[in-house]
Amino acid sequence: MADHAPTETFALRVQFDTEAQQKDASTLGMWIFLVTEIMFFGGLFAVYTVYRSWYPNVFAIASSSLNEIIGALNTGVLLLSSFTMVMAVRASQLGQQKMIVIFLILTLLFGGIFLGVKAYEWNQKFEEHHIPGQAAFHLDGVLPEGQGHAQLFFSIYFAMTGLHALHMVIGVGILLTLIVQARKGRFSASYYTPVDVAGLYWHFVDIIWIFLFPLLYLIDRHLVK
Amino acid sequence: MITAAAQERENYLNASHGLKSWFLTKDHKRIGLLYLATITLFFFIGGAFATLIRVELLTPQGNLVSSETYNKLFTMHGVMMIFFFLIPSIPAVLGNFFLPIMIGARDLAFPKLNLLSWYLLVVGGMFSLYAMLAGGVDTGWTFYTPYSTTYSNGYVIATALGIFIAGFSSILTGLNFIVTIHRMRAPGMTWFRMPLFVWAHYATSLIQVLGTPVLAVTIVLLFLERVFHLGIFDPARGGDPVLFQHLFWFYSHPAVYIMVLPAMGVVSEVISTFSRKAIFGYGFVAFSSVSIAVLGFLVWGHHLFVSGQSLFAGMVFSFLSYFVAIPSAIKVFNWTATLYKGSISFQTPMLYALGFIGLFTMGGLTGLFVAALGIDMHVTDTYFVVAHFHYIMVGGAIMGYMSGLHYWWPKMTGRMYPEAWARLSALVIFLGFNLTFFPQFILGYLGMPRRYHLYPPEFQVLNVLSTAGASVLAVGYLMPMIYFIWSLRYGKVAPVNPWGATGLEWKTSSPPPVHNFDETPVVTHDAYDYASLMAEEVEVG
Amino acid sequence: MSDPQENTHIDSVGTYVKILLALLVATGVTTAVARVDLGGFSVVVALGIASAKMVLVALFFMHIRHSTKLTRLVVLGGLLWLAILLLLTMTDFASRGILGVPGK
Ligand code: HEM
Ligand SMILES: [Cu+2]
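Only a predicted model underlies this, so the values are computations on that prediction, with no experimental measurement involved.

Analysis parameters
Residues numbered from 1 in each chain as written. Chains lettered and ligands numbered in written order. Predicted model: local features only at pLDDT ≥ 70, side-chain atom pairs only at ≥ 80, totals over all residues. Heavy atoms only, no water. Helix = DSSP H or I, 4+ residues; strand = E, 2+ residues; numbered from the N terminus. Buried < 20%, exposed > 50% of the residue type's maximum accessible area, 1.4 Å probe, protein only. Contact = heavy atoms within 4.5 Å. Near = heavy atom within 4 Å. Polar contact = N/O pair within 3.5 Å; in protein donor to acceptor, adjacent residues only side chain to side chain. Nonpolar A, V, L, I, M, F, W, Y, C, P; charged D, E, K, R; others polar. Salt bridge = Lys/Arg side-chain N within 4 Å of Asp/Glu carboxyl O. Core = buried A, V, L, I, M, F, W, Y, C linked by side-chain atoms within 4.5 Å. Domains from an automatic or database assignment. Donors = N, O, S within 2.8 Å, 3.2 Å for Na, K, Ca; no water. Buried area = accessible area lost by both parts, 1.4 Å probe.

Caption draft 1: Region of the structure containing the overall build of chain A. For chain A, the count of helices and strands is six helices and zero strands. Walking chain A from its N terminus toward its C terminus, one meets helices and strands in the order α-α-α-α-α-α. Each principal axis of the C-alpha distribution contributes one length, and for chain A these read about 70 × 30 × 30 Å. Burial status across chain A gives 64% buried among its 225 residues. Contacts in chain A between residues at least 24 apart in sequence constitute 82% of all its contacts with a sequence separation of at least 6.

Printed below as a string of structure tokens:
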């Protein structure tokens, strides 16, 4: 396995005694960061829960105006990207320099596709006049007094998917940096913390989507035929 | 006079020179000093707004500034003091400097992140300062919707963005502390040998990490509503402004403990040192910090009693609010028990710490008053509430900060401050504080509402007293400013352990070397082991 | 200095492929089931499947399976705090007006 000797390792940073301590600290730091992300999205989940419980019928109609097949396929793409990400981590655990780069590029690719599809979906909303705050806003099948509530749904939709997409974009930036570093041979079986930690972030963003998909696209769809 | 030996010894201050060595430093001690300078600036800006408020309230007619300007004054006072001074204060300055040393580490786990946190605070502060100079904000520090989203034409976005950015500073500091405490302790530094200051910061960090992101997303939603008309809290579309208040106070009630827990940590250190006794009930004090952090998250609804919140929820939150008082009471009890039969000396840090206990108790008890749904209906939005939170935030948190600053000043700078002046200033601050804020309890009880600059003439006497007190308080705060700076040049050179205290920070030189210790310390005793310290002294003597 | 590899568990490619397939199947199932009228259970099923997917990603892709107790505690703590936020917020929104006091 160790046929690729690490071409470069970072010195153990001065505040740590051992590499194991350094790695442990980074991993713990990332997990705590992810907890802050749970709470960040948590605010949005709270908003969603409150309004969904108040206006279930309008939310069901608004929900079913989204194309759930596209949503499901895009979910699949994102899950694929998580798979390639974990494969990149595995490649770095094994010190397979080339495979790290390949899997990171694949991850980037799937992430890019996801964002592209998302952009397409957003664009649809503009064409359908499902943009909250615009005078032309109208959702078919909802009474005039429900249109405000429908706007709330789309406000939540845009806030949630928008902030999720922003996290994806940040993830793409991280992947690009990692790819550059990996090509320089920075990572090896004994030093791959950045790949590992970036992987945690990427999977987390995936998990957020795993919840956004049913919350926004699926729940109560059956009520609207 | 500075001895040649003291001058020669290399320490974190003289190890490198030049602006770059400061602005790109990764040394937690230098970063602590950067924070000290920054938040001192913010404190005096916030103080300037307070001065204007108090001068305006000298007369009942409201003839100094217009109502609009007055709204901006109290908003900007609150924003500066809470988000840019009190939240960072003890953790970012004293925590940054001493937490790694107290657990025997060479630095925090993520030094670059630590520097980034400081820059975030500075950038956030710049945004908010820009907003203030450009025209100000008038929403109150609470930014309630729909006023903040729809009607206010002040610089809401710039200010809120500043708070958002500063929030990340706070989150990252908390994250750094938690990882450091878990992963960087020196050999022998078990959890239950950690100083209580470190426990308090652990609890504080939990709140920063769990609460602040909710404030962040709330600000994002405010931004989206104001700029893109998303209307999440817009009643015209069936949205509920009370939901904004829930999200805001989910952070902001726990945030009051971000401000006061670190001060409690300081007080535990100082009380023990100047009584020359181990803290009574160490385990209880340590756990009470953590339980304050946890329980603090369950009571936010007590800020919504008179909003549209349901009566049922009001009752639940009122009930839960009583539990949060228990751990605080435990602390006060244990400090008092530590004093009992201790050999107490009344140096400046101790004076401040005793001041903290008294004033915090007062603030906490009135907190229980306002947490009672029925009483709060009467005093909400009056000066009673203003007095309540100032007793805790100024009487408590700032007293703790001053205590810590004096206690550790010799270690941070290598110089002693002038004791007599310092005692005098502690006294002036204590008296000034009470003169300023005690009348406000009475004013509130009599029904004077907060956030107005006009008031009925019969309230004038108490308001004049309060303004007089504020002037005394201002003098009290200026004095340390002067003698601290004076001491940098003329103060006596500080010995390694001027107070004869336990704790690793007193085992390394004053000021400490770049990586804190010449050799990684090995801890063999519990914290506050004065009993064996004194036994050793007897043997040696 | 301890060897960082000594406590690294390297999972097999097969494991990851299986998890991926399970996740994709779950996505298909939840999408299909959304059309079926399950009454109030529709929410439970949708969120149940999402939670199961989360657990798979966390355990396998994020290596919680091999992680320290502390990491698990951190994750559970995060979820608990999310629950506090949602539950106490809903205490208000689900109980408006139930005590029959006007406006409360
Ligand atoms: C320990 C540190 C504490 C701090 C720093 C603190 C701070 C504050 C602040 C800043 C406010 C005013 C918020 C506003 O602008 O409206 C406030 C109000 C309030 N506090 Fe405290 N507080 C503390 C402890 C407590 C405790 C222990 C309780 C009760 C158990 C409590 C109960 C309340 C209540 C009920 C209000 C709302 C009063 C009203 O608006 O009518 N506080 N507190
Ligand atoms: Cu509160």
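Caption draft 2: Seen up close, the site of ligand 1. Residues and elements named next belong to chain B. Near ligand 1 you find 22 residues, and of these Asp376, Thr380, His388, Ile392 and Arg450 are the closest. Contacts to ligand 1 include Thr380, whose side-chain N or O atom sits 2.6 Å from an oxygen atom. Sorting the residues of the shell around ligand 1 by element identifies α10 (241-275), α12 (311-339), α13 (348-371) and α15 (383-413) as the ones contributing at least two each. Residues of the shell around ligand 1, tallied by class, amount to 14 nonpolar, six polar and two charged.

Caption draft 3: Expanded view of the pattern of salt bridges. Evaluated as defined, the whole model comprises 16 salt bridges over all chains. Glu419 of chain B serves as the salt-bridge partner of Arg423 of chain B, at 3.2 Å between the closest nitrogen and oxygen. Residue Arg423 of chain B and its partner Glu419 of chain B are both found in helix α16 (residues 419-446); the two are separated by four residues, about one turn of the helix. Assessed through its relative accessible area of 36%, Arg423 of chain B is described here as partly exposed. The class for Glu419 of chain B is partly exposed, based on a relative accessible area of 22%. A salt bridge links Arg65 of chain C to Asp11 of chain C, with the nearest nitrogen and oxygen atoms 2.7 Å apart. Here Arg65 of chain C, found in the loop between α2 (41-61) and α3 (69-93), pairs with Asp11 of chain C, found in the segment before α1 (13-33); they are 54 residues apart in sequence, far enough to count as distant. On the basis of relative accessible area, Arg65 of chain C is assigned to the partly exposed category, the value being 35%. Look at Asp11 of chain C and you get buried, because its relative accessible area is 7%. Each of Glu68 and Arg221 of chain A together with Arg35 of chain C takes part in one network of salt bridges that share partners.

Caption draft 4: Structural context of the nonpolar core. Counting 284 residues, the largest nonpolar core has Tyr51 of chain A together with Leu94, Phe356 and Trp408 of chain B as its most contacted members. With 21 residues, α10 of chain B is the single largest residue contributor to this core. Two domains share this core, each providing at least three of its residues, namely domain 1 (11-62) and domain 2 (65-95) of chain C. Ignoring any residue separated from it by four or fewer positions in sequence, one finds Phe356 of chain B in contact with Val260, Ala263, Met264, Val267, Trp335, Thr361, Gly395, Gly396, Ala397, Met399 and Gly400 of chain B.

Caption draft 5: Layout of the coordination of the copper ion (ligand 2). Residue and element names in this part refer to chain B. Taken together, the protein ligands of the copper ion (ligand 2) are His253 (ND1), His302 (NE2) and His303 (NE2), with distances of 1.9 to 2.1 Å. Between the copper ion (ligand 2) and the iron atom of ligand 1, the interatomic distance is 4.3 Å. Residue His302 is classed as buried on the basis of its relative accessible area of 15%.

Caption draft 6: Representation of the coordination of the iron atom of ligand 1 in the model. Of all protein atoms, His388 of chain B (NE2) alone acts as a donor to the iron atom of ligand 1, lying 2.2 Å away. Examined against the element boundaries, His388 of chain B turns out to sit in helix α15.

Caption draft 7: Representation of the interface of chain B and chain C within the structure. Contacts between the two partners involve 27 residues from chain B and, on the opposite side, 16 residues from chain C. A buried area of about 1800 Å², summed over both sides, lies between chain B and chain C, and 75% of it is on carbon and sulfur atoms. Among the residues chain B hides against chain C, the three largest losses belong to Ser310, Leu311 and Phe312 of chain B. Together they make up 24% of the total. Summed over the shared surface of chain B and chain C, the number is one salt bridge. The partner of Arg96 of chain C in a salt bridge is Asp240 of chain B, with the nearest N and O atoms 2.9 Å apart. Linking chain B to chain C there are five residue pairs in polar contact (both at pLDDT 80 or more). Looking at which element gives the most residues to the side of chain B that touches chain C, the answer is α12 of chain B, with seven residues.

Caption draft 8: Structural view of the interface of chain A and chain C. On the side of chain C, 52 residues touch chain A, which itself brings 54 residues to the contact. Together, the buried faces of chain A and chain C total about 4500 Å²; carbon and sulfur atoms form 79% of this surface. Among the residues chain A hides against chain C, the three largest losses belong to Trp31, Phe83 and His222 of chain A. Together they make up 14% of the total. Remark: the boundary between chain A and chain C carries one salt bridge. A salt bridge links Arg35 of chain C to Glu68 of chain A; the nearest nitrogen and oxygen atoms lie 2.7 Å apart. If you look at where chain A meets chain C, you find six residue pairs in polar contact (both at pLDDT 80 or more). Going through the elements one at a time, α1 (19-54), α3 (68-93) and α6 (193-218) of chain A are the ones with two or more residues in the side of chain A that touches chain C. The greatest single-element share of the side of chain A that touches chain C, amounting to 17 residues, is contributed by α1 of chain A. The class makeup of the residues in the side of chain A that touches chain C is 34 nonpolar, 12 polar and eight charged.

Any link to function would need more than the numbers given here.
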